Amino acid sequence: MRLLTGSLLAFLIATLVGLGATYLALTRGGAFGALTIGSWTAFPKTGTIDADPYARAAIARTGRLVTGVGDGVSFTAMRDDKGKPLDGRCDVTVSGITPQARFWTLTLYSTAGNLVANSLNRPGFTSQEIVRRADGTFEIAVTPRAHAGNWLPTGGIERYVLVLRLYDTPVGVSTKAGREVPMPAITTGDCR
Amino acid sequence: MIRWLMILLVGLVLGAIVHLSTIILLPLTATRDAYARLTPLAPVNTMTVLAESAPADALMPFMDPAFANAVCRYDLSNGPLKFTAPVSIAYTSVTFYTRRDIAYYAINDRAAGRRVIELELMTSDQRAELPEDEDITAADRLIVESPTTTGLIALRALAPEPGLMPTARAAVQAARCVAEPPQPQSSR
């Protein structure tokens with residue numbers, strides 16, 4: 001009887017721990033080989049045949065087609081440089097320069113990965129559309145209300161993610177975070 | 001006391017096994033992965049141009065809206081496949097995915113190095129069966145080996161500004177993925 005209750009308890013613990021860990025791994029996201037620069041994180045290895053089991057499970061569960069490394073690298077930001085989650089009711093500024101790439105795009109998504117409807121019908125910017133300063137740096141205003149310059153409307157949603165995709169870039173699996181890969185800063189200003 | 005610790009330890013070890021096996025088995029049971037989402041839209045071994053990403057209904061999450069997309073859902077069981085795509089104005093890339101949506105190969109227009117991207121897709125067995133006398137290392141013949149018999153080819157063409165989207169869509173529309181006629185076997 002003691003053996004029976006003992007093994008039942010062990011199985012119960014196993015189920016809770018095992019499925020709980022799987023659930024957490026899939027909802028929090030995550031794979032090995034993260035490349036984090038500032039607020040931006042990419043998983044270059046997820047775009048190769050060597051993608052680890054966690055990346056494979058996340059790909060299957062979300063139904064996305066990841067960017068292959070021969071194509072480019074996709075950086076995601078969910079928080080600003082101070083660690084505050086990106087809020088669509090606040091004035092957020094993305095400024096600076098990007099790593100070397102032939103083209104890049106910056107896109108605003110809901111946390112589920114859908115585009116967000118807005119009055120301008122503008123889901124993001126490409127590197128060719130952006131207005132730059134004389135020194136080559138740029139500043140994108142990610143705000144709910146109209147803004148001069150590069151305005152990326154948030155549609156007023158509470159939480160969003162920014163995805164910066166670099167196409168035809170030397171940034172890849174072997175890249176280490178450092179001075180040679182500068183990513184734009186993300187700062188939150190006033191909130192309404 | 002020792003008995004409870006033992007139960008806890010056995011529980012944790014079994015839990016780790018449950019966790020790892022569910023993570024590994026999950027891709028095999030997924031019914032809403034990208035391949036499954038594309039199955040009703042994309043016939044086998046045919047290029048299908050995907051609708052532009054819209055906020056309301058996205059076919060797949062995290063698609064880049066600056067790109068025109070076309071996919072070819074391939075099946076190599078009847079022989080290799082030939083893929084051709086004209087290069088668009090700005091940037092074009094081709095990414096190959098396994099049946100489980102793992103990107104195993106990707107190439108862009110500059111790496112392909114000409115006006116038309118031409119690739120031959122085959123399984124490792126089909127490549128091994130290629131006649132010896134054919135110079136398969138020739139630079140004008142790019143062969144991609146697929147680790148799985150079925151999978152996806154995704155063609156993406158960048159529209160650097162929204163006004164150029166029709167041009168990018170026209171470029172992906174002109175792409176072809178066709179099964180190659182079966183090679184004569186009798187000469188062996």
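Source: prediction; values computed, not measured.

Caption draft 1: Broad picture of a nonpolar patch on the surface. Residue and element names in this part refer to chain B. A cluster of nonpolar side chains, namely Ile 2, Met 6, Leu 9, Val 10, Val 13 and Ile 17, defines an oily patch on the protein surface of about 580 Å² accessible area. Structurally, the position occupied by Met 6 is in helix 1 (residues 2-29). Residue classification places Met 6 among the partly exposed residues on the basis of a relative accessible area of 46%.

Caption draft 2: Structural view of the pattern of salt bridges. Scanning all chains against the criterion turns up eleven salt bridges over all chains. A salt bridge links Arg 156 of chain B to Asp 71 of chain A; the nearest nitrogen and oxygen atoms lie 3.7 Å apart. Of this pair, Arg 156 of chain B sits in strand 8 (residues 150-158) while Asp 71 of chain A is found in the loop between helix 2 (53-62) and strand 3 (72-77), placing the two residues in two different chains. Here Arg 156 of chain B and Asp 71 of chain A have matching classes, each one buried. Linked through salt bridges whose partners overlap, the residues forming this network are Asp 87, Arg 89 and Arg 159 of chain A.

Caption draft 3: Broad picture of the packing of aromatic side chains. Counted under the stated rule, the structure contains eight aromatic pairs over all chains. Centre to centre, the rings of Phe 67 of chain B and Tyr 91 of chain B are 6.3 Å apart; their planes meet at 90°, and the pair counts as edge-to-face. Placement of the pair is Phe 67 of chain B in strand 2 (residues 67-75) and Tyr 91 of chain B in the loop between strand 3 (81-86) and strand 4 (92-98), with a sequence separation of 24 residues. Taken individually, Phe 67 of chain B and Tyr 91 of chain B each receive the classification buried, so the pair is uniform in this respect. Aromatic rings pair up to connect Phe 103 and Tyr 167 of chain A together with Phe 67 and Tyr 91 of chain B into one cluster. Sitting over the face of the ring of Trp 4 of chain B, Arg 3 of chain B holds its NZ or CZ atom 5.3 Å from the ring centroid.

Caption draft 4: Region of the structure containing the packing of helix 1 (residues 2-28) of chain A against helix 1 of chain B. Two numbers describe how helix 1 of chain A lies on helix 1 of chain B: the axes approach to 6 Å, and their chain directions differ by 40°. Here helix 1 of chain A is positioned oblique relative to helix 1 of chain B, judged by the angle of their axes. Where helix 1 of chain A crosses over helix 1 of chain B, the two elements pack in a sense that is right-handed. Of the residues that constitute the contact of helix 1 of chain A with helix 1 of chain B, the class distribution is 19 nonpolar, eight polar and two charged.

Caption draft 5: Representation of the state of the cysteines in the model. Scanning the model with the defined rule gives two disulfides over all chains in all. One disulfide in the model links Cys 90 of chain A with Cys 191 of chain A; its S-S distance is 2.0 Å. Measuring the twist about the S-S bond at about 100°, one finds the Cys 90 of chain A-Cys 191 of chain A disulfide to be right-handed. A residue pair is termed long-range when its members are at least 10 positions apart, and Cys 90 of chain A in strand 4 (residues 90-96) and Cys 191 of chain A in strand 10 (residues 185-191) qualify at 101 residues. The exposure class assigned to Cys 90 of chain A is buried, which follows from its relative accessible area of 1%. A residue is classified by how much of its surface remains accessible, and Cys 191 of chain A, at 43% relative accessible area, is partly exposed. The disulfide partner of Cys 72 of chain B is Cys 177 of chain B, and the gap between their sulfur atoms is 1.9 Å. Judged by the sign of its S-S torsion, about 60°, the cystine formed by Cys 72 of chain B and Cys 177 of chain B is right-handed. Linking Cys 72 of chain B in strand 2 with Cys 177 of chain B in strand 9 (residues 176-179), this pair joins segments that are 105 residues apart in sequence.

Caption draft 6: Focus on the sheet that holds strand 1 (residues 47-49) of chain B. Residue and element names in this part refer to chain B. Strand order in the open sheet formed by five strands is 1-2-8-4-5, and the pairing between neighbours is antiparallel. A strand with exactly one partner marks an edge of an open sheet, and here the two such strands are strand 1 and strand 5 (103-108). Averaged over all neighbouring strand pairs, the angle between strand axes comes to 20°, with direction disregarded. Where strand 2 and strand 8 come together, nine bridges link them in antiparallel fashion. Counterpart to Cys 72 in the pairing with strand 8 is Ile 153. Along the sheet, helix 5 (residues 165-173) makes contact with strand 1, strand 2 and strand 8, crossing strand 2 at roughly 15°.

What counts as what
Residues numbered from 1 in each chain as written. Chains lettered and ligands numbered in written order. Predicted model: local features only at pLDDT ≥ 70, side-chain atom pairs only at ≥ 80, totals over all residues. Heavy atoms only, no water. Patch = residues over 30% accessible without salt bridge, like charges linked within 9 Å, V, L, I, M, F, W, Y side chains within 5 Å. Areas by Shrake-Rupley, 256 points an atom, 1.4 Å probe, with all protein chains shown as cover. Salt bridge = Lys/Arg side-chain N within 4 Å of Asp/Glu carboxyl O. Helix = DSSP H or I, 4+ residues; strand = E, 2+ residues; numbered from the N terminus. Buried < 20%, exposed > 50% of the residue type's maximum accessible area, 1.4 Å probe, protein only. Phe/Tyr/Trp six-rings, centres within 6.5 Å; stacked < 30°, edge-to-face > 60°. Lys NZ or Arg CZ within 6 Å of the ring centre and 35° of its normal. Axes fitted to C-alpha atoms, helices over the stretch in contact; angles between N-to-C directions. Parallel < 35°, antiparallel > 145°, perpendicular 65-115°, else oblique. Left-handed = near helix turned anticlockwise from the far one by under 90°. Nonpolar A, V, L, I, M, F, W, Y, C, P; charged D, E, K, R; others polar. Disulfide = S-S within 2.5 Å. Pairing = 2+ DSSP bridges. Contact = heavy atoms within 4.5 Å.

This is a description of form; function is not addressed.
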